[in-house]
Amino acid sequence: MSQTASAPCPYDWFFFDFGGVIAEEGFVNGLRSLARAEGIDPDFMLQTGIETVFGTGFVVGRTDEAAFWRELREKTGLRAGNDHCRETILNGFVLRPWMLEIVRRLRRSGRKCAILSDQVGWLDILEERHGFFQHFDRVVNSFYQGKSKRDSSLFTDVLEAVGAQAEHALFVDDSEGNIQRASEQGLATILYRSKNDFLHRLQRLCPIPEDP
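Residues numbered from 1 in each chain as written. Predicted model: local features only at pLDDT ≥ 70, side-chain atom pairs only at ≥ 80, totals over all residues. Heavy atoms only, no water.

Chemist: So what about the packing of helix H1 (residues 26-37) against helix H4 (residues 82-92)? Which residues, and what values?
Modeler: Axis angle and axis distance: for two packed helices, these are the angle between their axes and the distance between the axes, and together they describe the pair. Where H1 meets H4, the axes come as close as 7 Å, and the angle between the chain directions of the two elements is 130°. The angle between the axes of H1 and H4 places the two elements in the oblique class. Note on packing geometry: the crossing formed by H1 with H4 is right-handed. Contacts between H1 and H4 pair Gly26, Phe27, Asn29, Gly30, Leu31, Ser33 and Leu34 from the former with His84, Cys85, Thr88, Ile89 and Gly92 from the latter. (Axes fitted to C-alpha atoms, helices over the stretch in contact; angles between N-to-C directions. Helix = DSSP H or I, 4+ residues; strand = E, 2+ residues; numbered from the N terminus. Parallel < 35°, antiparallel > 145°, perpendicular 65-115°, else oblique. Left-handed = near helix turned anticlockwise from the far one by under 90°. Contact = heavy atoms within 4.5 Å.)

Right, here's the structure in full:
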């Protein structure tokens, strides 16, 4: 699906993951920070946290935050209170201004851009604090969709909702599993690894005109 640098951009819709793409990955960084503060193995905390946020159904809105933290404490021995844990995670989601600039340039060139993220209600708190939804044409949060990107049908649901064709959509995520599922549904994809790698891949797939 790669294009030469001189080829026109074939994509009308761009879907961006939030944590790890639009912003630093606060869930990962936050859980590791909480683990280090309490002498818990950070890798164990992270793996358990991921299993728990999906296993409890918190990420798709089937349970509340209190139930998530309660189960995570039972599994890991975490002692910090809910408010402190939440703030530690929220503080880890640091927006990437250069990525928002890419979104701005894409929209200026006539493309549509959306957030497509496996998040919980914390995304709304981050929006209240930082006001980044305004940069996007659509925000899709698993918490309200009732399904996550682990369910490949989410991609077809979202495409249908915005009236996009898979062959004219590009998805950016830092999870190989999510990238694979999106690709299987026909979307072009970029696995986010680093800023420079992303910019190189985006330029090959969809050259963005520079501002005059």
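Once the structure has been displayed, the description carries forward.
Chemist: Requested: an account of the state of the cysteines, with residues and values cited.
Modeler: What the rule picks out here adds up to one disulfide. Note on cysteine connectivity: Cys9 is disulfide-linked to Cys206, with sulfurs 1.9 Å apart. Here the disulfide of Cys9 and Cys206 is left-handed, its torsion about the S-S bond being about -105°. Here Cys9 is found in the segment before strand E1 (13-16), whereas its partner Cys206 is found in the segment after helix H10 (195-205), with 197 residues between them in sequence. Of the two residues, Cys9 and Cys206, neither departs from the other in class, the shared state being buried. Lacking any disulfide linkage, Cys113 is separated from the closest cysteine sulfur, that of Cys206, by 9.3 Å. Judged by its relative accessible area of 0%, Cys113 is buried. (Disulfide = S-S within 2.5 Å. Buried < 20%, exposed > 50% of the residue type's maximum accessible area, 1.4 Å probe, protein only.)

Chemist: Tell me about the pairing of strand E5 (residues 188-191), and name the residues and values.
Modeler: One ladder, built from four bridges, connects strand E4 (residues 169-173) with E5; its direction is parallel. Looking at E5, one finds that Asp173 is bridged to Leu191. Running through helix H9 (residues 176-184), the crossover from E4 to the neighbouring parallel element E5 is right-handed. (Pairing = 2+ DSSP bridges. Right-handed = clockwise from strand over helix to strand, strands pointing away.)

Chemist: Describe in detail the packing of H4 against helix H6 (residues 122-130), supporting the description with residues and values.
Modeler: H6 packs onto H4 with a crossing angle of 60° between their chain directions and a minimal axis gap of 11 Å. Relative to H6, H4 is oriented oblique. Crossing of H4 against H6: the hand is right-handed. Judged by residue contacts, Arg86, Glu87, Ile89, Leu90 and Asn91 of H4 engage Trp122, Ile125, Leu126 and Arg129 from H6. By residue class, the composition of the contact of H4 with H6 is five nonpolar, one polar and three charged. (Nonpolar A, V, L, I, M, F, W, Y, C, P; charged D, E, K, R; others polar.)

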